[in-house]
Amino acid sequence: MEWTKEERYRALEDVTVEELTALEKIVNECPWRQSYHIQPVTGLLNDPNGFSYYNGEYHLFYQWFPLGPVHGLKHWFHTKSKDLVHWENVGIAIKPTNQFDSHGVYSGSAIEHEGNLLLMYTGNTRDDYWERHPYQCLAVMDRTGTITKLDKPIIDGVPKGYTDHFRDPKVWKQDDHFYAIIGAQKECGTGCVVLYQSSDMKEWSFQGEIETRLKDFGYMWECPDYFELDGKGILLFSPQGIAAEGDHFQNIYQSGYVMGSPLDIDKQQLTHGEFHELDRGFDFYAPQSMCDPKGRRIVVGWMGLPEIDYPTDKNGWAHCLTLPRELSIRGGKLYQQPVIELESLRGEMIEAEITLKNECISIDGFTGDAYELLIEFSESNAQEFGIEVRVGHQEKTTIKYDAAEKMVIFDRTHSGQPVGMEFGEIRKCHLDGDIVSFRLFVDVSSVEVFVNNGEEVFTGRIFPHQDSRGIHFFANGGHTKLRAMKWNMAKKFNDL
Ligand code: FRU
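Owing to the predicted nature of the structure, the values given are computational and were not obtained by experimental measurement.

A.B. asks: Quick question: what am I supposed to make of the domain arrangement of the protein here?
C.D. replies: Accessible area lost when the parts come together is the quantity often used to give the size of an interface. Splitting the protein by domain gives domain 1 (5-338) and domain 2 (347-489). Domain 1 and domain 2 are separated by 31 Å when their C-alpha centres are compared. Those elements that provide at least two residues to the side of domain 1 that touches domain 2 are strand S22 (325-330) and strand S23 (333-338). No other element matches S23, which puts six residues into the side of domain 1 that touches domain 2. Its residues assigned to classes, the side of domain 1 that touches domain 2 comprises 16 nonpolar, 11 polar and nine charged.

Next up, the structure:
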């Protein structure tokens, strides 16, 4: 269905309760509603925003268009949690209300200051010629949860040399100053990140562009994030306009990181290595990180991509967030592991130890549509081995290891309703060492695969039939030993 501009930019206040109730009904009839991932009550969710810990709770906001599965007038929606597992829907946090955010409260981040949680975001506006004019704005959340916008932007307009693609501030504090990086496009048409400094979160001064090795790397860098981990400086961002290269950069847009020495703030310089995709699957974009009181660096991504239709669209909603993942550095590489708290979702457990030889089998009790599954491989000489999940009549989602090529392969060719087929239905990633384990988080319409304790991660939405609940284990061209542990996930544990 095509949406007109009027429909996309309709104010929520003009929508009747009956309309919203009717929409909710269609959404709730969808067979692909998730059971333990953050998803919108109606409409479209995209980037995670303002991920933070404040006043004894984790806060995770997201980009939200309430009225349907399209990128319309964006709001910040607020969810919070005590444990990163059980989330409560708080409601809309920031609405587009004035001339500085009339066409969308776009992405941004949060930081605690003087007892409040400050939410820094991009106000998107369009003029009569539909030209964009971005502003960087601030809203203040106090301890009671009341959110108040400042009546003027804190960064008015765009510095010379950059286009109106200028958004998504990520703020942090270092020594006595606040810093914010903003995703930008240069007038020459390449993407980059710029740096601002402030001493009070209100007056900001432009410091310049962050110099990286990536001088010509796509046309826009969205949702930048900078942090330090184990003495390394890491710049995370979502570049648009990168051509596919072998098994890399297969999605419509990418998101990943460069790692190097800590950012030289005075020179705005980052010395770094190669760009790595953070996730090697199909549906992952605009990740945002935070550092929690335990000192963990945790990242959440949007489990979706722009400009692609999804089968849930016809039920009036689209997308969800990934599970929170803790980052660590091993061998110069970022590892991602689901936060330990997720183990609290583990329900009934079932376990098996088998040797597979040129066969594909099911094991009693290994079925379902919402579970965690850990598989450890050993003593393998098979050419390929792995698992199929959500198996049903002519449906399966395959995750396997090709030993000759040393490749992990995620295949959703037969997963059910297709999605984003023009970008291919298989994702592959080369491993330097051997395969040790797959840890899968399967939800009603998604799979997140953590390979070798987070060395690589594949995230993908899948849209199988409700009855496709089988799990198969297989080895071809030889044998492998395998230990499998499956935990059912407590379903519908929250109010999402
Ligand atoms: C990334 C993005 C951001 C923008 C937001 C709007 O997905 O395009 O750059 O702030 O989404 O919803």
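A.B. asks: How do you make sense of the pattern of salt bridges when you look at a structure like this?
C.D. replies: A side chain of one charge can pair with a side chain of the opposite charge if their charged atoms are brought near each other. If you walk through the whole model with that rule in mind, you get 29 salt bridges. Note that Lys-149 and Asp-101 form a salt bridge whose closest N and O atoms lie 2.5 Å from each other. Taken as a pair, Lys-149 in strand S8 (residues 147-149) and Asp-101 in the loop between strand S4 (87-94) and strand S5 (105-113) lie far apart in primary sequence, 48 residues in all. On the basis of relative accessibility, which here comes to 22%, the residue Lys-149 falls in the partly exposed class. With a shortest N-O distance of 4.0 Å, Lys-267 and Asp-264 are connected by a salt bridge. Beyond isolated ion pairs, a larger network of salt bridges with shared partners links Asp-292, Lys-294, Arg-296 and Glu-341.

A.B. asks: In this structure, what is going on with the sheet that holds strand S12 (residues 191-198)? I would like to understand it.
C.D. replies: Strands belonging to one sheet form pairs held by backbone hydrogen bonds; the direction of such a pair is parallel or antiparallel. Pairing within the open sheet is antiparallel, and its four strands lie in the order S10-S11-S12-S13. With one partner strand each, in any of the chains shown, strand S10 (162-174) and strand S13 (204-209) form the two edges of the open sheet. Geometrically, the sheet is characterised by an average inter-axis angle of 25° between neighbouring strands, direction not taken into account. Direction of pairing for S10 relative to strand S11 (residues 177-186): antiparallel, over a ladder of eight bridges. Along S11, the bridge assignment pairs Gln-174 with His-177.

A.B. asks: What's the story with the site of the ligand in this structure? I'm lost.
C.D. replies: Around the ligand, the structure places Asn-46, Asp-47, Gln-63, Lys-74, Tyr-106, Ser-107, Arg-167, Asp-168, Glu-222, Tyr-285 and Trp-302. At 2.8 Å from an oxygen atom of the ligand is found a side-chain nitrogen or oxygen belonging to Arg-167. Protein contacts shield 92% of the accessible area of the ligand, which totals 320 Å² for the unbound molecule. When its residues are assigned to classes, the shell around the ligand shows three nonpolar, three polar and five charged.

A.B. asks: Quick question: what am I supposed to make of unusual backbone geometry here?
C.D. replies: Excluding glycine, residues mostly carry a negative phi; peptide bonds, for their part, are mostly trans. Even without a glycine there, the phi angle at Glu-307 is positive, about 60°. Residue position: Glu-307 is located in the loop between strand S19 (297-303) and strand S20 (317-318). Given a relative accessible area of 59%, Glu-307 falls into the exposed group. Even without being a glycine, Gln-394 presents a positive backbone phi close to 60°. Tracing the chain through its elements places Gln-394 in the loop between strand S26 (384-392) and strand S27 (395-402). Here Gln-394 falls in the exposed class, since its relative accessible area comes to 69%.

A.B. asks: Even after reading the chapter, I still don't get the sheet that holds strand S1 (residues 43-54), so can you show me in this structure?
C.D. replies: A sheet is described by the order of its strands in space; here five strands give the open sequence S4-S3-S2-S1-S20, paired in mixed fashion. Strands with a single pairing partner mark the edges of an open sheet, and in this sheet they are S4 and S20. Where strand S3 (residues 75-81) meets S4, six bridges bridge the pair, whose relative direction is antiparallel. What sits directly across from Thr-79, in S4, is Asn-89.

A.B. asks: Whenever I open this one, the side chain of Arg-325 confuses me. Can you help?
C.D. replies: Within the secondary structure layout, Arg-325 lies in strand S22. The buried category is assigned to Arg-325, whose relative accessible area is 0%. Reaching out from Arg-325, the side chain makes a polar contact with the side chain of Asp-279 at a distance of 3.1 Å. Within the structure, the side chain of Arg-325 is placed 3.0 Å from the side chain of Gln-336, a separation counted as a polar contact.

A.B. asks: Sorry if this is basic, but what is going on with the environment of Ile-471 here?
C.D. replies: Mapped onto the fold, Ile-471 is located in strand S33 (residues 470-489). Classification of Ile-471 by relative accessible area gives buried; the value is 1%. The spacing of Ile-471 and Arg-390 is 81 residues in sequence and 6.4 Å in space, taken between C-alpha atoms. Apart from residues no more than four positions distant in its own chain, Ile-471 is found in contact with Ile-361, Ser-362, Phe-366, Thr-367, Tyr-371, Leu-373, Glu-388, Val-391 and Lys-486.

A.B. asks: I'm lost on the pairing of S12 in this one. Help?
C.D. replies: Here is the key point about a regular strand: its side chains alternate between the two faces of the sheet. Most of S12 sits inside the fold, with eight of its eight residues counted as buried. In S12, alternate side chains face the same way, and those of Gly-191, Val-193, Leu-195 and Gln-197 on one face and Cys-192, Val-194, Tyr-196 and Ser-198 on the other are all buried. Linking S11 to S12, which pair antiparallel, is a turn of four residues; within it Gly-189 sits at a positive phi near 95°. Between S12 and S13, which follow one another and run antiparallel, lie five residues, and Met-201 among them has a positive phi close to 75°.

Calculation criteria
- Residues numbered from 1 in each chain as written.
- Predicted model: local features only at pLDDT ≥ 70, side-chain atom pairs only at ≥ 80, totals over all residues.
- Heavy atoms only, no water.
- Domains from an automatic or database assignment.
- Helix = DSSP H or I, 4+ residues; strand = E, 2+ residues; numbered from the N terminus.
- Nonpolar A, V, L, I, M, F, W, Y, C, P; charged D, E, K, R; others polar.
- Salt bridge = Lys/Arg side-chain N within 4 Å of Asp/Glu carboxyl O.
- Buried < 20%, exposed > 50% of the residue type's maximum accessible area, 1.4 Å probe, protein only.
- Pairing = 2+ DSSP bridges.
- Axes fitted to C-alpha atoms, helices over the stretch in contact; angles between N-to-C directions.
- Near = heavy atom within 4 Å.
- Polar contact = N/O pair within 3.5 Å; in protein donor to acceptor, adjacent residues only side chain to side chain.
- Areas by Shrake-Rupley, 256 points an atom, 1.4 Å probe, with all protein chains shown as cover.
- Contact = heavy atoms within 4.5 Å.

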